[in-house]
Every structure is written in structure tokens, then in C-alpha cells.
Amino acid sequence: MVSVIPSYPKGDTEETRRLFTYWLEEQEADFPLKDVNDDSWQANLVSLVESCVAPDVILHNVPVKTPGRSGWIDFMMSLGKAYPDSQTSYDLIMVEGNLACAHWTYTATHVAAMRSHSPTGNQLTVTGMLADRFENGKIVEHWAVIDRLEWLQQLGAIDRSISL
């Protein structure tokens, strides 16, 4: 059974497209890092998130320890440190009203510990999708879908013969 949430989408599609495009482009502005010892990307990322994301943003399927914007910042920081050469391409972007979605491809090399995973030096390429809902110019809800099995297999944390 499919349920439809009547409050989605609403709002100005073109304004949402502008906000979403800015959000996606600026997240990638410092990556891949030209100098892994230059940590200016961290202040840039905090500033970006604070300007684009509501403090009490609702996160779906994002592995954060703390809810809201601060948890998302912590997660994004750990990702940037573990994968400083990361590059994300957006293969499809769709926007309607206050809802924006993207399908992406992420390529990076695992060079520092993240969560319980020690650095492997492995390069990975994974795909996923995201959706953001905007209100008053800020992201108030975020959904993420990623092929975590493929990610862990490419890191060598899970046998590649396992499939779902």
C-alpha cells in the first residue's frame, strides 16, 4: 500500500532548485583536497551546513551519533577526514516544490579511520540517492540511501561473495 503525504511537495520549485544546487556544489567545493594537511575545508563545511540546514533537521538513514545538524556535521567531518580525495558526481537531480532528490556516484580512497574501520587504502565507488525537504530556505528533512554492502565489500570488511 502506498500512502501519499499531502504536504509534499509545496513551495517554489525554482527556489528549491537554486538552494539544492548550491548545497550540492558547495559540499564538494573543497574536495578532493589538494593538501590533506590544510583543514580549512572543515570551517567551510560547518559554515555551509549552518547556513543551509535547520538546527533540528530530521535525518533518515544517516549514521549519526547525535540527532540534528550537529550530528550531521560530525558525520560529514569524519567522512571528509577518512576520504579526503572524495569526488561526488550527481547523475540525476529532480526538484518539485520544496522537495529535491539526487542520484549520485561517490569515489574515494579510505585513508583514515572512520567509526570502527581502520584505514585500508582501498579505493571505492558507490552509488546512492538523497532527498532533501526545504522550508524557509533551509533543509529540514534529509533522506539518504546508499549501497552499504557494496561500500563494506570494497573496503574489504565483508566478503565480496555475499549478496542480498
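Thresholds, definitions, all that
- Residues numbered from 1 in each chain as written.
- Predicted model: local features only at pLDDT ≥ 70, side-chain atom pairs only at ≥ 80, totals over all residues.
- Heavy atoms only, no water.
- 1 Å grid on protein atoms, 1.4 Å probe; cavity = no way out; pocket = protein on both sides within 12 Å on 5 of 7 lines; lining within 4 Å.
- Points joined across faces, edges and corners; volume = space filled by probe spheres on them.
- Helix = DSSP H or I, 4+ residues; strand = E, 2+ residues; numbered from the N terminus.
- Nonpolar A, V, L, I, M, F, W, Y, C, P; charged D, E, K, R; others polar.
- Salt bridge = Lys/Arg side-chain N within 4 Å of Asp/Glu carboxyl O.
- Buried < 20%, exposed > 50% of the residue type's maximum accessible area, 1.4 Å probe, protein only.

**Focus on the layout of surface pockets**
Item 1. Roughly 900 Å³ of volume is contained in the largest pocket.
Item 2. Every residue lining the largest pocket is counted, 35 residues in all, and those nearest its centre are Phe75, Leu79, Trp104, Ile146 and Trp151.
Item 3. Only α1 (13-27), α2 (40-52), α3 (68-82), β2 (87-96), β3 (99-109), β4 (123-135), β5 (138-146) and α4 (148-155) provide two or more residues apiece to the lining of the largest pocket.
Item 4. No other element matches α3, which puts 5 residues into the lining of the largest pocket.
Item 5. Looking at the lining of the largest pocket residue by residue, the classes come out as 23 nonpolar, 8 polar and 4 charged.

**Some words on the pattern of salt bridges**
Item 1. Taken as a whole and judged by the stated rule, the model has 5 salt bridges.
Item 2. Of the charged contacts, one joins Glu14 and Arg17 as a salt bridge, the two residues approaching to 3.3 Å between their closest N and O atoms. Residue Glu14 and its partner Arg17 are both found in helix α1; the two are separated by 3 residues, about one turn of the helix.
Item 3. Glu141 is the partner of Arg133 in a salt bridge, and the nearest nitrogen-oxygen pair spans 2.9 Å.
Item 4. Accessibility expressed as a relative area gives 10% for Arg133, which makes it buried.

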